[in-house]
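Architecture and fold: a report
Take a look at the letters that make up each chain.
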Amino acid sequence: MSTRPADHGANAPTEPHPSDATPRIPSDEELARMSTDDLVRLGNQIDDLEVVSSRERFPVPGTRAEKRAERQVAGWFILAVIAGIAFLVAFIWWPWEYRSPEEEGAWVYALYTPIIGVTFGLSVFGVGMGVIAYSKKLLPEDLTIQQRHDGRSKEIDRRTAAARLVQTGQQSGIARRKLIYRSLGAAGGVLGLGVLVAAFGGLVKNPWKEGPESALLVTEWKSKHGERVYLRKNSGVPSDVVLVKAGDLEPGSMETVFPFREEEREDPEHLAEVLRSADSPVMLIRLRPNVAVIKREGQEDFNYGTLFAYSKICSHMGCPTSLYEDQTNRILCPCHQSQFQANEYAKPVFGPAARPLAQLPIAVDDQGYLYARSDFIEPVGPAFWERNS
Ligand code: FES
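Residues numbered from 1 in each chain as written. Predicted model: local features only at pLDDT ≥ 70, side-chain atom pairs only at ≥ 80, totals over all residues. Heavy atoms only, no water.

For helix α5 (residues 112–137), built from 26 residues, the straight-helix expectation of 38 Å at 1.5 Å per residue is met to within 8% by its first-to-last C-alpha distance of 37 Å. Those residues of α5 not exposed but buried are Y112, I116, T119, S123, G126, V127, G130, A133 and Y134. Each element contacted by the buried residues of α5 is listed here: α3 (64–93), α4 (106–110), α6 (155–172) and α7 (178–200). (Helix = DSSP H or I, 4+ residues; strand = E, 2+ residues; numbered from the N terminus. Expected span 1.5 Å × (residues − 1). Buried < 20%, exposed > 50% of the residue type's maximum accessible area, 1.4 Å probe, protein only. Contact = heavy atoms within 4.5 Å.)

And the structure:
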């Protein structure tokens with residue numbers, strides 16, 4: 001169906017236009033008794049809508065040409081079904097956990113995002129193309145002219161418009177074209193399922209299956225077999241281990257440090273991995289000696305002298321809180337401007353963060369190297385439902 005505004009110029013039709021005759025408006029009872037066709041006719045009159053021509057694409061149902069057109073339309077829907085199933089399979093079973101480029105299976109992991117993107121896109125594309133092909137090949141071809149109206153539609157307009165939609169549905173022949181009907185239904189179902197899986201699939205897993213050792217509760221700072229976990233700097237070369245001594249930091253300075261275990265010294269892959277691990281980075285801050293300190297209850301001995309170690313993961317939404325301002329002793333998160341008071345157990349003093357940064361308990365061994373006395377005693381980073389601190 002096509003529409004165009006009224007032509008009041010030289011090309012205006014010489015025949016009397018439907019708008020010239022004002023239709024009688026039926027009562028509500030008469031409206032309720034009218035058939036779909038009657039309502040459509042009435043609607044055409046009221047809307048100044050003139051059907052110039054209308055023709056069935058396949059006046060004789062069931063011809064080979066019609067079947068061929070049906071198969072072409074169904075082909076698009078079937079493509080959508082296959083792509084939708086491929087998307088579901090890839091989304092659920094494709095190895096999605098991060099692998100570094102050196103690890104085995106890294107290329108399979110690298111394909112995860114392209115695969116789910118392409119399959120989902122193909123599924124949507126198939127449905128879209130199927131609908132377009134259906135309207136081009138099978139819907140009746142008509143030419144309709146409608147006068148433009150302003151303002152809100154009246155009740156009678158809405159009733160007749162609804163009747164027109166019903167009639168269009170009947171004329172489309174979708175009910176008797178079983179192949180298209182079913183393939184469209186299957187495509188819509190698979191696509192809908194795909195959207196649901198994409199939206200909620202990430203929630204259907206148990207983050208607590210390892211109990212107290214679950215990923216949200218432990219970090220790389222946890223000692224695995226009772227060994228000491230030292231603080232190391234990132235020199236830029238992952239295999240180059242530079243441990244930190246208490247005297248390495250000037251008063252009023254900050255250094256980002258990462259966990260290191262002696263047993264991992266000869267494992268370059270793990271040394272590199274720890275530097276990338278999201279919950280590893282810790283800000284080691286040396287306050288100036290004259291700064292007044294307020295400690296958090298239960299964490300009174302977490303510092304070593306004027307050295308304090310706080311998780312770098314912002315308690316608002318997990319950005320790295322990389323900025324330390326030593327005049328005010330504030331740690332700044334660049335994402336949403338939360339500020340944390342370093343001399344008051346990193347409590348939030350500005351911005352959207354509502355919880356202090358997690359503090360790492362530190363000590364010094366007999367050679368002067370700093371190590372973590374334990375893992376953090378609370379989860380690092382933002383809130384989650386099960387969190388109770
Ligand atoms: S993530 Fe730090 S303020 Fe939002």
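Between α3 and α7, the shortest axis-to-axis distance is 8 Å and the interhelical angle comes to 25 degrees. If you check the angle between α3 and α7, you find them roughly parallel. The handedness of the crossing between α3 and α7 is left-handed. Taken together, the residues that form the contact of α3 with α7 break down as 19 nonpolar, three polar and two charged. (Axes fitted to C-alpha atoms, helices over the stretch in contact; angles between N-to-C directions. Parallel < 35°, antiparallel > 145°, perpendicular 65-115°, else oblique. Left-handed = near helix turned anticlockwise from the far one by under 90°. Nonpolar A, V, L, I, M, F, W, Y, C, P; charged D, E, K, R; others polar.)

A contiguous nonpolar surface patch, about 540 Å² in accessible area, is contributed by L193, L196, F200, L203 and V204. Structurally, L196 is set in helix α7. (Patch = residues over 30% accessible without salt bridge, like charges linked within 9 Å, V, L, I, M, F, W, Y side chains within 5 Å. Areas by Shrake-Rupley, 256 points an atom, 1.4 Å probe, with all protein chains shown as cover. Salt bridge = Lys/Arg side-chain N within 4 Å of Asp/Glu carboxyl O.)

It is worth spelling out the domain arrangement of the protein at this point. The figure often quoted for interface size is the accessible area lost as the parts come together. For the protein, the assigned domains read domain 1 (1–204) and domain 2 (211–372). The gap between the C-alpha centroids of domain 1 and domain 2 is 57 Å. (Domains from an automatic or database assignment.)

We now examine unusual backbone geometry. A negative phi angle is the norm for most residues apart from glycine, just as the trans form is the norm for most peptide bonds. The backbone of N329 shows a phi angle near 60 degrees, a positive value even though the residue is not glycine. Its location among the elements puts N329 in the loop between β8 (323–325) and β9 (330–332). N329 gets classed as buried once you look at its relative accessible area, which sits at 8%.

Take empty space enclosed by the protein next. Over the atoms, a rolled probe matching the size of one water molecule traces out where space is still vacant. Applying the stated criterion across every chain, the model contains one cavity of 30 Å³ or more. Computed from the structure, the largest cavity encloses a volume of approximately 40 Å³. As for the largest cavity, its lining consists of V293, I294, K295, R296, Q299, F308, Y310, A342, N343, E344, Y345 and Q359. Split by residue class, the lining of the largest cavity holds six nonpolar, three polar and three charged. (1 Å grid on protein atoms, 1.4 Å probe; cavity = no way out; pocket = protein on both sides within 12 Å on 5 of 7 lines; lining within 4 Å. Points joined across faces, edges and corners; volume = space filled by probe spheres on them.)

On to the layout of surface pockets. Here the largest pocket defines a volume of roughly 1200 Å³. As for the largest pocket, its lining consists of 27 residues, of which W96, E97, A215, L216 and D279 are closest to the centre. The residue inventory of the lining of the largest pocket, partitioned by class, reads eleven nonpolar, six polar and ten charged.

The subject of this paragraph is a positive patch on the surface. Taken together, the side chains of R64, K67, R68 and R71 define a basic patch exposed on the protein surface. Relative to the helices and strands, R64 resides in helix α3. (Lys, Arg positive; Asp, Glu negative; His and termini not counted. Charge placed at Lys NZ, Arg CZ, Asp CG, Glu CD.)

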